[in-house]
Amino acid sequence: MINTNYAADERRVPITNAIRAALVTYMIVCVNPVLSQAREPDAKVDLSSDRPNIIFLFADDQRPDTISAYGNPHIRTPHLDQLARRGTSFRRNYCAGSFSGAVCVASRAMLMTGQPWMKLPSGRPASEWGDAIPLPARLSVEGGYQTFIIGKWHNGPAMLKRSFQNGRSVYMGGMANHADFTVQDLNAGKLSAKRKAESFSSELFADEAVRFIETAESDQPFFLYVAFMAPHDPRNPPQPYREMYYQSPPPLPENFVPLHPFNNGPQAAAGRDESLAPWPREASVIRDQLCEYYGLVTHLDEQVGKIMEAIKKRSHHKNTVVIYTADHGLAMGSHGLLGKQNIYEESMQSPLIIAGPGIPQGQSTQALNYIHDLYATVCETAQVTPPAEIESRSLWPVIRGESTEIHPSLFLPFQEHQRAVVTPHWKLHVYPKINHQLLFDLKNDPLEMSNLASDSLHEDQVEDLLAQMQHWRQKWGDTLPLETETPEPFKPVYDNEKRTIDRWQPQWILDKYFDGKETTQRRNTP
């Protein structure tokens, strides 16, 4: 249960409504034609109430168990631990599957639109969102927010310009070498020429965030979106951060196995993520990659600390809400997998902490939620009404202690190969291409290690979960048959000669994990 006795600080920073009104008019008339059509010409924006600043820190590929305060003594995250003590943690925070093996592009599209991927336009859901109003644009028009982006944007230039007013050091792409990449600035909807980043990705983005916070005016609320590229691979943290873990390596995940036992989709035996280590997985290799992954997280944690320190030094820090989450998790050896192209808990979940005025401190909840529920949550935080048609549900009823539930269950559809439904107690996987099911008792088996699907004692449970899945499928328009008359081979074929070597891996990683082989992808400038 969440403690609701924490009293909100009632002190507010005055906001100049004239500036906010001018910004709203500019955004409606000059910048965003979609938004200009979304309001009646004579509609009035309520600018009478104070609105908090919102800082949204978005990590990339972060497993839900990579915060020390959540019970992992093997990782060092003092600043995220402190943020968790200052706020409320949502411990069942899920990405709603993906239309792409690049799960981050789907997760970010869902966050920005408040919609599951199945309700996005089917042609190019990554970079064409139809008449959806992106979250930052909604805050600009309805709440007079200054919106600013720093870091990774994986959803195309058109959606970037439709979403944000300005930004600095924006990386337009899905991944890059953290120590060698290019960035651009966004000024009044126009992207600058590319320039080489001057420092490691997490450091650069944090420094830009500090710069923004230090110079932000206090008479207009801001939405600062900082999208880190870490801990996404290449797993090349600055050397001291990987060395600290080489000297004291974390244990392998309890559900580590050398090979995933069945064919859960084409990425399992041929995808870029799964090619980052040879098959079968060797414990020593996975342990070293965990050291490098943990090093990226610890380095990122330090950058979060810099941002939090900058917030504390500003007069408006009492009226600032901080949200920390990630687009999804990562297998990192769990179930014999390395990537996120699967519906296991480690890959579909990610951390979520919300801290600020009116938010209980040091609390956590097991309420089921989606990452894209943050659309409605941010809108309510900003005193902005979200679009009525979106699926996103605000987390504030749970934060305020008015409810213990956001969703009674969740649906996790991944391309055409995987489906899952999750309840607080149970989880059912369905693999339509091979006619296979997995049933897990998450209360007693949170690592999904004991499949109960073939146990006759649980037939009713399977039927109930299939019915819940069908409810979600009808709601979201999922027409994929859940079984086939011509199943694909059940066992995957692992071939180390066909491992994909992407162009972003630095030479020391190629030498260590690919025997010095050259990339199988074209090298170019991002």
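Note that this is a predicted model, so its numbers are computed, not measured. (Residues numbered from 1 in each chain as written. Predicted model: local features only at pLDDT ≥ 70, side-chain atom pairs only at ≥ 80, totals over all residues. Heavy atoms only, no water.)

Trainee: Can you explain the confidence of the model for the protein chain? Please cite residues and give values.
Mentor: It should be kept in mind that the predicted coordinates are not to be read in detail where pLDDT is low. Residues with a pLDDT of 70 or more make up 89% of the protein chain, whose mean pLDDT is 90. Scored below 50 in pLDDT, residues 1-48 shows 88 contacts in the model against residues more than four places distant or in partner chains. (pLDDT = per-residue confidence, 0-100. Contact = heavy atoms within 4.5 Å.)

Trainee: Tell me about the side chain of Arg-473, residues and numbers included.
Mentor: With respect to the secondary-structure elements, Arg-473 resides in helix α14 (residues 459-476). Of the residues examined, Arg-473 reaches a relative accessible area of 7% and is grouped as buried. Not counting residues up to four positions away in its chain, the partners in contact with Arg-473 are Phe-411, Arg-419, Asp-478, Thr-479, Leu-480 and Leu-482. (Helix = DSSP H or I, 4+ residues; strand = E, 2+ residues; numbered from the N terminus. Buried < 20%, exposed > 50% of the residue type's maximum accessible area, 1.4 Å probe, protein only.)

Trainee: Mind laying out the pairing of strand β1 (residues 53-59), listing which residues take part and the relevant values?
Mentor: Here β1 lies mainly inside the structure; seven of its seven residues are buried. The pairing of β1 with strand β10 (residues 320-326) spans seven bridges and is classified as parallel. Directly across from Ile-54, in β10, lies its bridge partner Val-321. (Pairing = 2+ DSSP bridges.)

Trainee: Please give an account of the sheet that holds strand β14 (residues 410-414) that cites residues and values.
Mentor: Here we have four strands laid out as an open sheet, ordered β14-β15-β16-β17, and antiparallel in their pairing. The outermost strands of the open sheet, each flanked by one partner alone, are β14 and β17 (436-441). Along the sheet, successive strands turn relative to each other by an average axial angle of 10°, direction set aside. (Axes fitted to C-alpha atoms, helices over the stretch in contact; angles between N-to-C directions.)

Trainee: Please give an account of empty space enclosed by the protein that cites residues and values.
Mentor: All told, the structure shown has five cavities of 30 Å³ or more when counted by the stated rule. There is about 60 Å³ of room inside the largest cavity. The wall of the largest cavity is formed by Asp-233, Pro-234, Arg-235, Leu-276, Gln-289, Glu-292, Gln-505, Ile-509 and Tyr-513. Going through the elements one at a time, α10 (283-312) and α15 (507-513) are the ones with two or more residues in the lining of the largest cavity. Residue composition of the lining of the largest cavity, grouped by class: four nonpolar, two polar and three charged. (1 Å grid on protein atoms, 1.4 Å probe; cavity = no way out; pocket = protein on both sides within 12 Å on 5 of 7 lines; lining within 4 Å. Points joined across faces, edges and corners; volume = space filled by probe spheres on them. Nonpolar A, V, L, I, M, F, W, Y, C, P; charged D, E, K, R; others polar.)

Trainee: Break down the environment of Arg-162 for me, with residues and values.
Mentor: Inspection of the secondary structure assignment puts Arg-162 in helix α6 (residues 157-163). For the pair Arg-162 and Pro-134, spaced 28 residues apart in sequence, the C-alpha to C-alpha distance is 7.3 Å.

Trainee: Residue-level account of the nonpolar core, with values.
Mentor: Phe-223, Tyr-225 and Ile-354 are the most contacted members of the largest nonpolar core, which totals 84 residues. The biggest single contributor to this core is helix α4 (residues 103-113), with seven residues. Excluding residues within four positions of it along the chain, Tyr-225 makes contact with Phe-56, Phe-58, Arg-108, Leu-111, Met-112, Phe-148, Ile-149, Ile-150, Lys-152 and Phe-164. Counting 41 residues, the second largest nonpolar core, distinct from the first, contains Ile-55, Ile-67, Tyr-171 and Ala-209. (Core = buried A, V, L, I, M, F, W, Y, C linked by side-chain atoms within 4.5 Å.)

Trainee: Could you give me a rundown of the pattern of salt bridges, with the residues and numbers involved?
Mentor: Taken as a whole and judged by the stated rule, the model has 27 salt bridges. Of the charged contacts in the structure, one is a salt bridge between Arg-400 and Glu-402, with a shortest N-O distance of 2.9 Å. You can call Arg-400 partly exposed: its relative accessible area is 34%. Using a relative accessible area of 56% as the deciding quantity, one classes Glu-402 as exposed. Between Glu-416 and Lys-433 there is a salt bridge, with its nearest N and O atoms 3.9 Å apart. Residue Glu-416 is found in the loop between β14 and β15 (418-422), and its partner Lys-433 is found in the loop between β16 (426-431) and β17; the two are separated by 17 residues along the sequence. Here the salt bridges share partners, and the residues they tie into one network are Asp-61, Asp-233, Arg-272, Asp-273, Lys-340 and Asp-502. (Salt bridge = Lys/Arg side-chain N within 4 Å of Asp/Glu carboxyl O.)

Trainee: Go over the layout of surface pockets, please, and point to the residues and values.
Mentor: In this approach the atoms are scanned with a rolling probe the size of a water molecule, which exposes any empty space left behind. Reported here for the largest pocket is a volume of approximately 790 Å³. Lining of the largest pocket is provided by 31 residues; of these, Arg-63, Pro-64, Asp-65, Glu-346 and Leu-447 occupy positions nearest its centre. Of all the elements in the fold, those that place two or more residues in the lining of the largest pocket are α10 and α11 (345-348). Grouping the amino acids of the lining of the largest pocket by side-chain chemistry returns 16 nonpolar, seven polar and eight charged.

Trainee: If you had to explain α14 to someone new, which residues and values would you point to?
Mentor: Because each turn of an α-helix spans 3.6 residues, side chains separated by three or four positions end up pointing in the same direction. Over its 18 residues, α14 extends 26 Å from the first C-alpha to the last, a length consistent with the 26 Å expected when each residue adds 1.5 Å. Among all positions in α14, only Val-462, Leu-465, Met-469, Trp-472, Arg-473 and Trp-476 are buried. In an axial view of α14, the angular spread of the buried residues amounts to 100°, which keeps them on one side of the axis. Exposed residues pointing more than 90 degrees away from the buried face of α14 are listed as Glu-459, Asp-460, Glu-463 and Gln-474. Those residues of α14 that are buried are in contact with β13 (369-370), β14, β15, β16 and β17. (Expected span 1.5 Å × (residues − 1). Arc of directions from axis to C-beta.)

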